[in-house]
Amino acid sequence: MTYDGPIAESPQIYLPSSVYTETRSPLLGAAMPTDSSIAHYQPLTDSFSRQLTYLRLSITDFCNFRCEYCLPNGYQGKRPDDELSVPEIATLIKAFAQVGTEKVRITGGEPSIRRDVATIIDTVKSTTGIKTVAMTSNGYKLGKHLANWHSAGLDQLNISMDSFDADTFHKMTGFNTLPQMLTDMDKLLDSTDIKLKINSVLMVETAFENLVTAMDYVKLRPVTYRFIEFMQTSDNSDLFFAQHAQSELITDYLIEHGWQPQERGSADGPAVEYSHPDYLGRIGMIAPYAAHFCDNCNRLRVSSQGKVHLCLFDEGNYDIRNYLQQNDVAGLVQTLHNFMPIKPEHHHLQDSNSGMMHNLSIIGG
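These remarks concern the structure in this document.

## A look at the overall build of the protein chain
Helices and strands together make up the secondary structure of the protein chain, namely 10 helices and 12 strands. Burial status across the protein chain gives 54% buried among its 365 residues. Considering only residue pairs separated by 6 or more positions, the protein chain has 74% of its internal contacts joining residues 24 or more positions apart. Accessible area for the protein chain stands at about 16,000 Å²; split by element, carbon and sulfur atoms hold 49% of it.

What follows is the structure in structure tokens.
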């Protein structure tokens, strides 16, 4: 990043310039105030009075699936060998907990690729102040990992599953694993207290079939099936224009059939969930193209190489790894506060601008 200088008489506040690069962050070298009375325990609150209580932490950008809207040709190149270590993650979570983070979602790529994912879950869960540990996974070999994840303290699991049809699932992901995944999810519901949600990208080709099948699936299961409006990135434009469907396709149908939207909690993600008195589970919608979608943003993201993303579709990132390597919780806390004046008000997806997000595996969506 390149920046204008600090605002006069305010050494803690920085303004972004109009020129961005991906890796440099002068905030790391900014002089920190020496007044020891500064309240490092103040919650992170940005310039738009949004309190940030939710961290999405990517622990790898590698994914073994080949979903057509994200990595249709599979992961390219060699998996990085500099993913955040468990001690670095421990420092990161301590700092975020000190500034009001209550929920941490572990993402990828595909987080289960890491052999130490259960240790990471335990590290996050055991941090004072963290109330909820969630994870998003493609569900590959869920049954193999379930007991360890449960023992480590996982509270919530989101499974990415774009179709209930085995052939369609195989076509979309490159893996013929849907039958086993459905069995493993029922095992999760029967044997653990992990809260289960299923994510599906909303696409014209599969929308109505998925909705009908999802309603049947959640009839007697305490599961939320969530549609995520297809988001355009620089790598998926052709598919986006062919398959993008507006969220009203689903939400109008739900309301017409007696489903009602539920109020979001302060540490919840952006989904609006709909319930029905005759259904045990829920149907959700994440609609990033909807007006005012960003008004209640409560999230920051950190990549698997230790870079902060202030928005999923921002133009840059901020390297905080030096603090993690030095176990400098206090320095990181101050730097997180320094980021608040430059967190953007909203994304620019409506202008076909996905920032530096070439594909969603980079930072876990």
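Don't stop here, the text continues.
## Details of the packing of aromatic side chains
Tallied over the full model, the rule gives 10 aromatic pairs. With a centroid separation of 5.4 Å and an interplanar angle of 70 degrees, the aromatic rings of tyrosine 140 and phenylalanine 175 are classed as edge-to-face. Taken together, the positions of tyrosine 140 in the loop between β3 (132-137) and α3 (142-152) and phenylalanine 175 in the loop between α4 (166-173) and α5 (178-191) put the pair 35 residues apart, joining distant regions of the chain. For phenylalanine 175, a relative accessible area of 17% gives the class buried. Taking the ring centre of tyrosine 54 as reference, the NZ or CZ of lysine 103 above it sits at 4.9 Å. In this structure, arginine 221 packs its charged tip against the face of tyrosine 217, placed 4.2 Å from the ring centre.

## Thoughts on the environment of valine 218
Along the chain, valine 218 falls in helix α6 (residues 207-218). Expressed as a C-alpha distance, the spacing of valine 218 and arginine 282, which sit 64 residues apart in the sequence, is 6.5 Å. Each residue touching valine 218, except ones within four places of it in the same chain, is listed here: Val223, Tyr225, Trp259, Tyr279, Leu280, Gly281, Arg282 and Ile283.

## A few points about the pattern of salt bridges
Under the criterion given, the structure shown has nine salt bridges. Linking arginine 50 and aspartate 46 is a salt bridge whose minimum nitrogen-to-oxygen distance equals 2.7 Å. Each member of the pair, arginine 50 together with aspartate 46, is buried. Here arginine 221 and aspartate 186 are joined by a salt bridge, their closest N and O atoms 2.9 Å apart.

## Concerning the layout of surface pockets
Here the second largest pocket defines a volume of roughly 250 Å³. What lines the second largest pocket is a set of 18 residues, among which Lys195, Lys197, Asp268, Gly269 and Glu273 lie closest to the centre. When residues of the lining of the second largest pocket are traced back to their parent elements, those giving at least two are β5 (195-202) and β8 (272-275). Among the residues forming the lining of the second largest pocket, the class breakdown is three nonpolar, four polar and 11 charged.

## Notes on the pairing of β5
When you tally the buried positions in β5, you get seven out of eight residues, the bulk of the element. Where strand β4 (residues 156-160) lies against β5, five bridges are found, and the strand directions are parallel. Pairing of glutamine 156 across the sheet is with lysine 195, part of β5. Judged from the six bridges that link them, β5 and strand β6 (residues 224-229) form a sheet pairing that is parallel. Directly across from isoleucine 198, in β6, lies its bridge partner tyrosine 225.

## Describing the packing of α6 against helix α8 (residues 248-256)
α8 packs onto α6 with a crossing angle of 40 degrees between their chain directions and a minimal axis gap of 11 Å. Here α8 runs oblique to α6, going by the angle between their axes. Judged by the twist between their axes, the crossing of α6 over α8 is right-handed. Here α6 contributes Ala207, Phe208, Leu211 and Met215 to the contact with α8, which in turn contributes Leu249, Ile250, Tyr253 and Leu254. Its residues assigned to classes, the contact of α6 with α8 comprises eight nonpolar, no polar and no charged.

## Some remarks on the pairing of strand β1 (residues 54-58)
Among the five residues of β1, five are classified as buried, and the element is accordingly described as predominantly covered. The alternating pattern of β1 places Tyr54, Arg56 and Ser58 on one face and Leu55 and Leu57 on the opposite face, and all of these are buried. Taken together, the five bridges between β1 and strand β2 (residues 103-107) define a ladder with parallel strand orientation. Paired with arginine 56 across the bridge in β2 is arginine 105. Where β1 meets strand β10 (residues 299-302), four bridges bridge the pair, whose relative direction is parallel. Across the sheet, residue tyrosine 54 finds its bridge partner in β10, namely arginine 299.

## Some thoughts on the environment of tyrosine 323
When you line up the elements, tyrosine 323 lands in helix α9 (residues 321-325). For the pair tyrosine 323 and alanine 95, spaced 228 residues apart in sequence, the C-alpha to C-alpha distance is 10.0 Å.

## Looking at the nonpolar core
With 76 residues, the main nonpolar core has Leu57, Leu92, Met161 and Ile283 as its most contacted residues. Sort the elements by how many residues they give to this core and helix α1 (residues 86-98) lands first, with seven residues. The contact partners of methionine 161, leaving out residues within four places of it in the chain, are Phe169, Leu178, Met181, Leu182, Met185, Ile198, Asn199, Ser200 and Tyr225.

## Things to note about the sheet that holds β4
An order of β7-β8-β9-β6-β5-β4-β3-β2-β1-β10-β11-β12 is seen for the 12 strands of this open sheet, with the pairing classed as mixed. The open sheet has two free edges, formed respectively by β7 (260-261) and β12 (318-319), since each of these has just one partner strand. Contacting β1, β2 and β10, α1 crosses the sheet at an angle of about 165 degrees to β1. Where α5 meets the sheet, its contacts fall on β4 and β5, and the angle it forms with β5 comes to roughly 145 degrees.

Conventions adopted
- Residues numbered from 1 in each chain as written.
- Predicted model: local features only at pLDDT ≥ 70, side-chain atom pairs only at ≥ 80, totals over all residues.
- Heavy atoms only, no water.
- Helix = DSSP H or I, 4+ residues; strand = E, 2+ residues; numbered from the N terminus.
- Buried < 20%, exposed > 50% of the residue type's maximum accessible area, 1.4 Å probe, protein only.
- Contact = heavy atoms within 4.5 Å.
- Areas by Shrake-Rupley, 256 points an atom, 1.4 Å probe, with all protein chains shown as cover.
- Phe/Tyr/Trp six-rings, centres within 6.5 Å; stacked < 30°, edge-to-face > 60°.
- Lys NZ or Arg CZ within 6 Å of the ring centre and 35° of its normal.
- Salt bridge = Lys/Arg side-chain N within 4 Å of Asp/Glu carboxyl O.
- 1 Å grid on protein atoms, 1.4 Å probe; cavity = no way out; pocket = protein on both sides within 12 Å on 5 of 7 lines; lining within 4 Å.
- Points joined across faces, edges and corners; volume = space filled by probe spheres on them.
- Nonpolar A, V, L, I, M, F, W, Y, C, P; charged D, E, K, R; others polar.
- Pairing = 2+ DSSP bridges.
- Axes fitted to C-alpha atoms, helices over the stretch in contact; angles between N-to-C directions.
- Parallel < 35°, antiparallel > 145°, perpendicular 65-115°, else oblique.
- Left-handed = near helix turned anticlockwise from the far one by under 90°.
- Core = buried A, V, L, I, M, F, W, Y, C linked by side-chain atoms within 4.5 Å.

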